[in-house]
Amino acid sequence: MNERSEMTTRTPGLRTLEHSYKKIYPFRLGTTSFIYPDLYSENVRLLGPYLDEIELLFFESRDPGCFPSTYEIDELLRLKNRWDLTYNIHLPTDVDLSSPDPHERETAVSNLEHVIEMTEPLKPVTYTLHIPFDSERPGGETLWRAYASKGIRALLSRGVQSRKISVETLMYPPLLLKPLVDEFDLSICLDVGHVMLAGGDPLEVFREFRDRISIIHLHGVRNQSDHLSLDHFDAQDFSKIRHILNDFTETVSIEVFSFKDLELSLSYLRESF
């Protein structure tokens, strides 16, 4: 079976990209495994010939049925080798390493470790981690950071390499993360949309954490909505993003969840460079 037929035989009627974006930017360009409403492996099979990297999304972890089978992990490895791909893993968001409940923290550690062990054969470049923060939580920043430290320390004690964990900037000031990433020598996932929605400047955040940023999540923002196609940026905002991308050599993941948004985003990125 030739390459083109492998991309279209098993899922007829689905559109594929018209251009290859492999190795044309100083960074590795990727997108999510939720572009097509299908298996992880089917998304990779359709996207792998055109992109450098795929972000495998694991948002849920409490139901054993939400994980891919051993067969599918093997298929992801085969496709990685066939298309010369890298992967990054978005760790589950239904658990909280910073929970004040020790049982919940232990559940988080166990579930996160399971995903890390399951995907280890794929040799992902990073594992992106959410550490939620609620300013209304009793104890404020101090207690939140204390519990987060306990959770991170427990996860790293299972043998996870600290720099393989990239803590994502969420809807709170990114500088809240600095003591944690410094203490445990973690990486940063700069989510441009989250920073902007929280009223921050992604260029300033990039300059603050540039030596720790292993992945950038890039998606359009407008009217307090994110994960839109990149053409939703206004020119002023995207000029700052271009400054970031011109000086970045790791992973840029266009974090959208439909083929239309991906296609529009790739066209916008190509025209902007």
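Just above, that's the structure.
Definitions and limits used
Residues numbered from 1 in each chain as written. Predicted model: local features only at pLDDT ≥ 70, side-chain atom pairs only at ≥ 80, totals over all residues. Heavy atoms only, no water. Phe/Tyr/Trp six-rings, centres within 6.5 Å; stacked < 30°, edge-to-face > 60°. Helix = DSSP H or I, 4+ residues; strand = E, 2+ residues; numbered from the N terminus. Buried < 20%, exposed > 50% of the residue type's maximum accessible area, 1.4 Å probe, protein only. Right-handed = clockwise from strand over helix to strand, strands pointing away.

### So, the packing of aromatic side chains
Under the definition given, this model contains 12 aromatic pairs. With 5.8 Å between their ring centres and 75° between their planes, Trp-144 and Tyr-172 make a pair best called edge-to-face. Placement of the pair is Trp-144 in helix H5 (residues 140-156) and Tyr-172 in the loop between strand S5 (165-168) and helix H6 (178-184), with a sequence separation of 28 residues. An identical accessibility class is assigned to Trp-144 and Tyr-172; each is buried. Centroid distance Phe-206 to Phe-248: 6.2 Å. Interplanar angle 75°. Geometry classified as edge-to-face. Of this pair, Phe-206 sits in helix H8 (residues 202-209) while Phe-248 sits in the loop between helix H9 (235-245) and strand S10 (251-254), and the two are 42 residues apart along the sequence. Every member of this aromatic cluster is reached through a ring pair, and the members are Tyr-25, Phe-27 and Phe-273.

### Examining the pairing of strand S3 (residues 86-90)
S3 sits mainly inside the fold: 5 of its 5 residues count as buried. Neither face of S3 is open: one carries Thr-86, Asn-88 and His-90, the other Tyr-87 and Ile-89, and all of them are buried. This β-α-β element, strand S2 (residues 53-57) to helix H3 (residues 70-83) to S3, shows right-handed connectivity. In the classification by handedness, the crossover that spans S3, the intervening helix H4 (residues 102-119) and the parallel strand S4 (residues 127-129) is right-handed.

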